[in-house]
Amino acid sequence: MANTGPSYSQRGAFAVAFCFSLWIAPTIAEAQLGYSDSLILKLRTTTDSIQKADLLIKIGDMIFYEERDSAIACFDQAREYARGPLAGAIRAKLVLRQGMIHEYRAMTTKGSMQDMAKAKGQAIIFMDSALAMAKAMDDQVLLAEIHHWRGETFKGQGKYDVALGEYYQGLAAAELAKDDRSLMIAIHDLSLMLKIEGREEEARRMMREASALAEKLQDHEWLIDIGGHLGEDAQADGDMEAAVVHFTRALEFAKRRKDKGNTVWNMDRIGVVRMEQGRLDEAMQWFQQVLALNKEAEPLWNALTYDHMGALLLKQDRPREALHYYLLSHELYKDEPVPTEEAAKHLSGLSKVYAALGRFGSAYETATRSHAITDSIVKARQEKDLTQLRMQTEFERTRKEEQVRQQHRDQLAAAELTQQRTIRNISIAGVFVVILLLVLVERQRRRRAVAGADTPA
């Protein structure tokens, strides 16, 4: 996608100004970036520097994928407050965020493979450092948080086996800490990983467990996220009204938090459900609301709704109007550097519109491109799965070889120990025999001496 926004230096200046605006003009910051009132209020009123740092980290996390420069400015500001012996956990969190920043740059860079590899290497160094710091403090809640973010990073790289290991370690730390929030996040993470592995029933059961914990904590941030997943599960089961209930509840929480991203996402999902139910006028109203709210948001969010609007108009036998929305979406998709499933679905829908208009050449060309993207994604997944399988097989082979070698070393050590004990026992026995012989010789000498003394001259 072409970058028509401000330059990096300009965005950096905006980011620094943003952090100061959290105190100077909090209502403007909330209106522009959608933060919850409670975080802003706490940040303005607390005098505790460690709490200020922690709040800045939370705010940075909330906007990291939408306003990265502002998020980095928040982390930098948090670093200024994270001083003194009691700020160890905060410093570990900030080291982890440094790793996240490098990882994000690696995933989004348009530089060389060498640059990307360097950024990934830096990300791992920071993340490993954060993990070591948390272990040194034996802070289980912090460990659970770090394993969550490390898992998210490896999952984003497609390293699902590594991510799964991180999530399980996060669950273990959360259980040791007996911390409900950490436990909720770990169970949520594992649920999504199990779904990727195809373990659908187990994944849904765990998501319901995470939902129960979120309800207990009344954690609106996670009730939004989990509600969206429960809505998708209900939609997949064909229980459309249950899906709408979940999406509507998540939407209400998102509005309370002034969370624009989740607001438009849940509105769009409700529109899709209504469209699938054949309630087309109602679906149209939802999509129109989304587009009205989403003018200045992430462009690809608009692309999804444009496609949904186009599909709806095609259902109403209005292909020319449908083409208008699909072409708006096409402008947003065409410059994306990496083909995605959404892009393939977009081209498939556009192909149907062309066919409805009798433009069969364009329909065939677009459908061919859609199939090519789908095939490349499937092939890439298969190759990645094979690579992971080979890596896992190699790991298992190496582990088993090491186990055999260790058993051999243990056997040699045991044999050597037995030999040393035998030699020691023989040595002790030998010493005992020598001592006994010396005692006998001494007795014999004394007897002779006594006998010689008793003999007359």
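Residues numbered from 1 in each chain as written. Predicted model: local features only at pLDDT ≥ 70, side-chain atom pairs only at ≥ 80, totals over all residues. Heavy atoms only, no water.

Enquirer: I'd love a proper account of the overall build of the chain, names of residues and values included.
Expert: Within the chain, the regular secondary structure consists of 19 helices and 0 strands. Burial statistics for the chain: of 457 residues in total, 39% are counted as buried. Nonlocal contacts in the chain, meaning residues at least 24 apart in sequence, comprise 55% of its contacts between residues at least 6 apart. A total accessible area of about 26,100 Å² is found for the chain, and carbon and sulfur atoms account for 57% of it. (Helix = DSSP H or I, 4+ residues; strand = E, 2+ residues; numbered from the N terminus. Buried < 20%, exposed > 50% of the residue type's maximum accessible area, 1.4 Å probe, protein only. Contact = heavy atoms within 4.5 Å. Areas by Shrake-Rupley, 256 points an atom, 1.4 Å probe, with all protein chains shown as cover.)

Enquirer: Could you give me a rundown of the environment of Thr-153, with the residues and numbers involved?
Expert: Looking at the element boundaries, Thr-153 is found in helix 8 (residues 140-156). Given a relative accessible area of 7%, Thr-153 falls into the buried group. Along the chain, Thr-153 and Met-127 lie 26 residues apart, while their C-alpha atoms are 9.8 Å from each other. Ignoring any residue separated from it by four or fewer positions in sequence, one finds Thr-153 in contact with Glu-103 and Met-127.

Enquirer: Describe the side chain of His-188, listing the residues and the values that go with them.
Expert: Relative to the assigned elements, His-188 resides in helix 10 (residues 180-196). Under the relative-accessibility criterion, His-188 is labelled buried at 4%. Only 3.2 Å separates the side chain of His-188 from the side chain of Asp-189, close enough to count as a polar contact. With residues up to four places along the chain from it excluded, the contact list for His-188 reads Met-207, Ala-210, Trp-222, Asp-225, Ile-226 and His-229. (Polar contact = N/O pair within 3.5 Å; in protein donor to acceptor, adjacent residues only side chain to side chain.)

Enquirer: How would you explain the pattern of salt bridges if you had to name every residue and give the values?
Expert: Under the criterion given, the structure shown has 27 salt bridges. Close ionic contact of Arg-83 with Glu-80 constitutes a salt bridge, the shortest N to O distance being 3.2 Å. Owing to a relative accessible area of 47%, Glu-80 belongs among the partly exposed residues under this scheme. Salt-bridge contacts for Asp-219 lead to Arg-181; the nearest nitrogen and oxygen are separated by 3.0 Å. Within this pair, whereas Asp-219 is found in the loop between helix 11 (200-217) and helix 12 (220-236), its partner Arg-181 is found in helix 10, the two being separated by 38 residues in sequence. The class for Asp-219 is buried, based on a relative accessible area of 12%. Accessibility expressed as a relative area gives 35% for Arg-181, which makes it partly exposed. A single salt-bridge network, built from bridges that share partners, covers Asp-54, Lys-58, Asp-61, Lys-93, Arg-97 and Glu-145. (Salt bridge = Lys/Arg side-chain N within 4 Å of Asp/Glu carboxyl O.)

Enquirer: So what's going on with the packing of helix 14 (residues 260-276) against helix 15 (residues 280-293)? Which residues, and what values?
Expert: Where helix 14 meets helix 15, the closest approach of the two axes is 8 Å, and the angle between their N-to-C directions is 160 degrees. Here helix 14 is positioned roughly antiparallel relative to helix 15, judged by the angle of their axes. Considering the relative orientation of helix 14 and helix 15, their crossing is left-handed. In this structure, helix 14 contributes Lys-260, Thr-263, Val-264, Met-267, Asp-268, Ile-270, Gly-271, Val-272, Arg-274 and Met-275 to the contact, and helix 15 contributes Leu-280, Glu-282, Ala-283, Trp-286, Phe-287, Gln-289, Val-290 and Leu-293. Here the residues of the contact of helix 14 with helix 15 sort into 11 nonpolar, 3 polar and 4 charged. (Axes fitted to C-alpha atoms, helices over the stretch in contact; angles between N-to-C directions. Parallel < 35°, antiparallel > 145°, perpendicular 65-115°, else oblique. Left-handed = near helix turned anticlockwise from the far one by under 90°. Nonpolar A, V, L, I, M, F, W, Y, C, P; charged D, E, K, R; others polar.)

Enquirer: Tell me what's going on with unusual backbone geometry, and back it up with residues and numbers.
Expert: The phi torsion at Asp-138 lies on the positive side, around 55 degrees, for a residue other than glycine. Within the secondary structure, Asp-138 is located in the loop between helix 7 (113-137) and helix 8. Even without being glycine, Lys-258 reaches a positive phi, approximately 55 degrees. Mapped onto the elements, Lys-258 comes out in the loop between helix 13 (240-256) and helix 14.

Enquirer: Break down the packing of helix 12 against helix 13 for me, citing the residues and quoting the values.
Expert: The interhelical angle for the contact between helix 12 and helix 13, taken along N-to-C directions, is 160 degrees, at an axis separation of 8 Å. Comparing the axis directions of helix 12 and helix 13 gives the class roughly antiparallel. Classified by chirality, the crossing of helix 13 by helix 12 is left-handed. Between helix 12, through His-220, Leu-223, Ile-224, Gly-227, Gly-228, Leu-230, Gly-231, Glu-232, Ala-234 and Gln-235, and helix 13, the contact on the second element is made entirely by Met-240, Ala-242, Ala-243, His-246, Phe-247, Arg-249, Ala-250, Phe-253, Ala-254 and Arg-256. The residue inventory of the contact of helix 12 with helix 13, partitioned by class, reads 11 nonpolar, 6 polar and 3 charged.

Enquirer: Explain the side chain of Asn-302 residue by residue, including any values.
Expert: Checked against the element boundaries, Asn-302 lands in helix 16 (residues 299-315). Apart from residues no more than four positions distant in its own chain, Asn-302 is found in contact with Leu-291, Asn-294, Lys-295 and Leu-332.

Enquirer: Got a sec to walk through the environment of Asn-262? Specific residues and values, please.
Expert: Considering the arrangement of structural elements, one finds Asn-262 in helix 14. For Asn-262, a relative accessible area of 28% gives the class partly exposed. Along the primary structure Asn-262 and Asp-225 are separated by 37 residues, whereas in three dimensions their C-alpha atoms are 8.4 Å apart.

Enquirer: Give a detailed account of the confidence of the model for the chain, specifying residues and quantitative values.
Expert: In this model, the chain carries a mean pLDDT of 80, and residues with pLDDT of at least 70 account for 74%. Across residues 1-18, confidence stays below pLDDT 50; counting only partners more than four residues off in sequence or on other chains, it has 26 contacts. Contacts from residues 391-396, a stretch scored under 50 in pLDDT, to residues over four places away or in other chains number 1 contact. (pLDDT = per-residue confidence, 0-100.)

Enquirer: Hey, could you go over helix 4 (residues 49-63) for me, with residue numbers and the actual values?
Expert: Under the 1.5 Å per step criterion, the end-to-end length of helix 4 is 22 Å for 15 residues, consistent within 8% with the ideal 21 Å. Those residues of helix 4 lying buried are Lys-52, Ala-53, Asp-54, Leu-55, Leu-56, Ile-57, Ile-59, Gly-60, Asp-61 and Ile-63. Between the side-chain oxygen of the N-cap and the backbone nitrogen of Ile-50 there are 3.0 Å, and the N-cap of helix 4 in question is Asp-48. (Expected span 1.5 Å × (residues − 1).)

Enquirer: Which residues make up the nonpolar core, and what are the values?
Expert: Counting residues in each nonpolar core, the largest one holds 35 residues, and the members touching the most others are Phe-64, Phe-75, Leu-94, Leu-96 and Ile-146. Of all elements in the fold, only helix 3 (37-45), helix 4, helix 5 (68-81), helix 6 (88-108), helix 7, helix 8 and helix 9 (160-177) reach the threshold of two or more residues within this core. With 8 residues, helix 6 is the largest single contributor of residues to this core. Sequence-distant contacts of Phe-64, that is, excluding residues within four places in its chain, are made with Ala-71, Phe-75, Met-100, Ile-101 and Tyr-104. Within the second largest apolar cluster, 26 residues are counted, among which are Ala-163, Met-193, Met-207 and Ala-254. (Core = buried A, V, L, I, M, F, W, Y, C linked by side-chain atoms within 4.5 Å.)

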